[in-house]
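Notes for the structure review
Residues per chain, in single letters:
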Amino acid sequence: MEAQSHPAFGPMPSDLPKWQNIFLVGLLLWILSVVVTGATGNVNMVPTVVLLGSFLVPVTAVVWYLDHYESPELTLRLVVYTFIVGGVLGTLAASVLESWLRTESFLGYAGVGLIEEFAKLAALMFVARRLPYYSVRDGIVLGATVGFGFGALESSGYALTSLITIRGPEVSLSLGNLVFTELLRGVLAPVGHGLWTAILGGVLFGASGGGRLRLTRKAFGAYLLVALLHTLWDAMRGLASVLTAVVTATPAQRIAILEGEALPPTMKQAEIFLVIEVGGLVLISLVGLLVLWRLWHTPDLSTRGRLGDRN
């Protein structure tokens, strides 16, 4: 890969580490940090565990995109700038806008989906406002970068929250909770914020036809689509619980529900609930990946010459 120059952001170096190397080295460092923290009880090591665990998969995913695509507009400095600034701006905007949402209902999840996807869209438009040219694949990569930056910061917050456990008047720190949270969010990260904002960025850039960024009806439709996927993802546990109750509730459980009470689920119901929840998350992920795949193979409206993909 030849180094590409950009008047504002400088050249893209050709000797970047491959995504596999970044992931394996980062994973090893995270494991060592967890082991040392657990063995020594050194609280000063907690930020290292949190940051490595929260940023490992998002950073690896961004490098994966760069390993498989190159563009004269997407320099390393721009990508790093987008990851940090776009992620922080999206997180700040979402935090402010979500401050009034307190309900754990489907409408509450819908509000979160609409707000967070809007915040990431606004952040993407800000960091990309001065690009000389906009293409579908550039939008996918930069959108994914904003989403992964947002997701990494969000995961670090969840990890810190899970670290603190309260039992009555006692407050303690649980390294096990922190590790479990980071593992779970790390596994789910590739099909979360990065995927949704990649779709939105690709449609947004593609609708601009190589010229100025425009929030067209097509881009607005993509925004509603990713907000819906986001909402269904967040609400899947509740939806799985409702579906399980509708399909398998015993007469005694139905009576208890009508009386405003809840009986514990049977072992079979717990298994059905897990299948519905996991199956729902897989289905949402597949829909998002299919949309992204089709978008990636959509030709740009502009005929300006582009660099090809890399194997």
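In this report, the structure presented in the accompanying data block is examined. (Residues numbered from 1 in each chain as written. Predicted model: local features only at pLDDT ≥ 70, side-chain atom pairs only at ≥ 80, totals over all residues. Heavy atoms only, no water.)

Quick word on the overall build of the protein chain
Basically, it comes down to this: Here a helix means four or more residues in a row that DSSP labels H or I, a strand means two or more in a row labelled E, and each is numbered from the N terminus. Residue burial is assigned from relative accessible area. The probe radius is 1.4 Å, only protein chains are included, and a residue is buried under 20% of its type maximum, exposed over 50%, and partly exposed in between. By definition, residues are in contact when any of their heavy atoms lie within 4.5 Å.
When helices and strands are counted, the protein chain shows 10 helices and two strands. Shown N-terminal to C-terminal, the secondary structure of the protein chain runs as helices and strands in the order α-α-α-α-α-β-β-α-α-α-α-α. With 311 residues in all, the protein chain has 45% of them scored as buried. Taking all contacts inside the protein chain whose residues are at least 6 apart in sequence as the whole, residues at least 24 apart take part in 77%.

Details of the pairing of strand β1 (residues 164–167)
Operational definition: Strand pairing follows a simple DSSP-based rule, namely that at least 2 bridges must link the two strands.
Taken together, the four bridges between β1 and strand β2 (residues 170–173) define a ladder with antiparallel strand orientation. By the bridge assignment, Thr165 is partnered in β2 with Ser172. Once β1 ends, the chain turns through two residues before running back antiparallel as β2, passing Gly168 with a positive phi of about 65 degrees.

Considering helix α1 (residues 19–40)
As a reminder, the rule being used: Expected helix span is given by 1.5 Å per residue-to-residue step, counting one fewer step than there are residues. Each C-beta atom gives one direction from the helix axis, and the arc is the one those directions make.
With 22 residues, α1 extends 31 Å from end C-alpha to end C-alpha; this agrees with the ideal 32 Å at 1.5 Å per step. Every buried residue of α1 is listed here: Gly26, Trp30, Ser33, Val34 and Thr37. Buried residues of α1 fall within an arc of 100 degrees about the axis and therefore sit on the same side. Among the exposed residues of α1, those oriented more than 90 degrees off its buried face are Leu24, Leu28, Val35, Ala39 and Thr40. Along its buried surface, α1 packs onto α2 (46–68) and α6 (175–188). Immediately beyond the C-terminal end of α1, within one or two residues, lies Gly41, with a positive phi of roughly 70 degrees.

Digging into the packing of α1 against α6
Inclusion rule: Fitted lines through C-alpha atoms serve as axes, helices being fitted only where they are in contact, and the angles separating the N-to-C directions of these axes extend from 0 to 180 degrees. Roughly parallel covers angles under 35 degrees, roughly antiparallel covers those over 145, roughly perpendicular covers 65 to 115, and oblique covers all other angles. Left-handed describes a crossing whose near helix is turned anticlockwise from the far helix through less than a right angle; right-handed describes the clockwise counterpart. Amino acids outside the nonpolar list (Ala, Val, Leu, Ile, Met, Phe, Trp, Tyr, Cys, Pro) and the charged list (Asp, Glu, Lys, Arg) are all regarded as polar, and Gly is one of them.
Remark: α1 packs on α6, axes separated minimally by 11 Å, with the N-to-C direction vectors making an angle of 170 degrees. It follows that α1 is roughly antiparallel to α6 by the angle criterion. Handedness of the α1/α6 crossing: left-handed. For the pair formed by α1 and α6, the contact residues are Trp30, Val34, Thr37 and Gly38 on the first element and Leu175, Val179, Glu182 and Leu183 on the second. Residues of the contact of α1 with α6, tallied by class, amount to five nonpolar, two polar and one charged.

Brief notes about a nonpolar patch on the surface
The condition is simple: Only residues whose relative accessible area exceeds 30% and that form no salt bridge are eligible for patches; like-charged ones are grouped when within 9 Å, while nonpolar side chains (Val, Leu, Ile, Met, Phe, Trp, Tyr) are grouped when within 5 Å. For every accessible area listed, the method is Shrake-Rupley and the probe measures 1.4 Å; residues are considered covered only by the protein chains on display. What counts as a salt bridge is simple: a side-chain nitrogen of Lys or Arg found within 4 Å of a carboxyl oxygen of Asp or Glu.
Taken together, Val80, Ile84, Val88, Leu89, Leu92 and Phe126 make up a surface patch of nonpolar side chains, about 480 Å² in accessible area. Here the element with the most residues in the nonpolar patch is helix α3 (residues 76–98); it accounts for five residues. Topologically, Val80 is positioned in helix α3.

Concerning the side chain of Glu116
In plain terms, the rule: A positive count includes Lys and Arg, and a negative count includes Asp and Glu. His and the chain ends are not counted in either.
Mapped onto the fold, Glu116 is located in helix α4 (residues 106–127). Among buried Asp, Glu, Lys and Arg side chains, Glu116 stands out as unpaired, with Lys120 the closest opposite charge at 5.8 Å. Ignoring anything within four residues of it in the chain, the contact list for Glu116 reads Ala94, Glu98, Phe150, Glu154, His193 and His230.

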